[in-house]
Amino acid sequence: MAIQISPSILSADFARLAEEAAAVENAADWLHVDVMDNHFVPNLTLGLPVVESLLKSAKLPLDCHLMIEDPDRWAPAYAEAGAGSVTIHAEAAKAPVRTLRAIRSAGARASLALNPGTSLDSYADLLPEVDMLLLMTVEPGFGGQKFIDLVLPKIRKARELVGGRDAQVWVQVDGGVAGDTIERAAEAGADVFVAGSAVYGAEDPASAVEALRTKAEKAAAAS
């Protein structure tokens, strides 16, 4: 499994989303879209209409992370709209198997997210239903937070559960991913990295993506 970088537009200029997406299209693998509803998390960002508009201009596939209540109702629509990957939170989903299958049926990769305090053991049986497991390395809701190192053992355990680095299930981390933390996450077993401030806070977002990828690849190779 190759290292993948998914810049988060949560840290981009919302008034220039098409340009911000284009700034990383030749360097990144995905474009991470944080959908927040001010209920599941204490922040309000964007929703399906903005995603539909972004899909018309973005060349990168969209990695939609739904930090919302009732993802069982809303998640399939993001896949139907054309998102490449749709993530629901285990803490919010009431029918995760049905919803993950609906996402897949609509043509997107299905992903399950776990907050830092959520046990991986409780959801290990759902791994056959997912294409990616997202482990939050901050408490969800806001960008620019510090990476929580306490999640590193969970990343290692996730890598063991899904198999080696050639496993079909990807292990993604989101939160506080930067030049000084991506190596630890990669060494622990993550292979898909969401980075917001580290990319869009840089003078050259594309170069920032390339630098993060290099660090992660070296750490993964050495682990």
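Note that the coordinates shown come from a computational prediction; the quantities given were computed from them, not determined experimentally.

Here the focus is the sheet that holds strand 2 (residues 31–36). Spatial ordering of the open sheet is given by 1-8-7-6-5-4-3-2, a layout of eight strands whose pairing is parallel. The two strands at the open ends of the sheet, each matched to only one other strand, are strand 1 (4–7) and strand 2. Taking the axes of each pair of neighbouring strands and ignoring which way they run, one obtains an average angle of 25° across the sheet. Pairing analysis gives three bridges linking strand 3 (residues 62–67) to strand 4 (residues 85–89), with the strands arranged parallel. Within strand 4, the position partnered with Asp 63 by the bridge is Ser 85. Across the face of the sheet, helix 5 (residues 152–162) comes into contact with strand 5 (109–114), strand 6 (132–136) and strand 7 (170–174) while running at roughly 165° to strand 7.

If you check UniProt for "active site" (unreviewed entry), the listed places come out as Asp 34 and Asp 174 in our numbering. Spatial clustering of the annotated residues is evident: they stretch over 141 residues in sequence, but the largest pairwise C-alpha distance comes to 10.5 Å. Its location among the elements puts Asp 34 in strand 2. Here the side chain of Asp 34 touches Ser 8 through a polar contact of 2.7 Å, side chain to side chain.

Procedures and definitions
- Residues numbered from 1 in each chain as written.
- Predicted model: local features only at pLDDT ≥ 70, side-chain atom pairs only at ≥ 80, totals over all residues.
- Heavy atoms only, no water.
- Pairing = 2+ DSSP bridges.
- Helix = DSSP H or I, 4+ residues; strand = E, 2+ residues; numbered from the N terminus.
- Axes fitted to C-alpha atoms, helices over the stretch in contact; angles between N-to-C directions.
- Contact = heavy atoms within 4.5 Å.
- UniProt positions renumbered as here; feature names shortened; annotations may be inferred.
- Polar contact = N/O pair within 3.5 Å; in protein donor to acceptor, adjacent residues only side chain to side chain.

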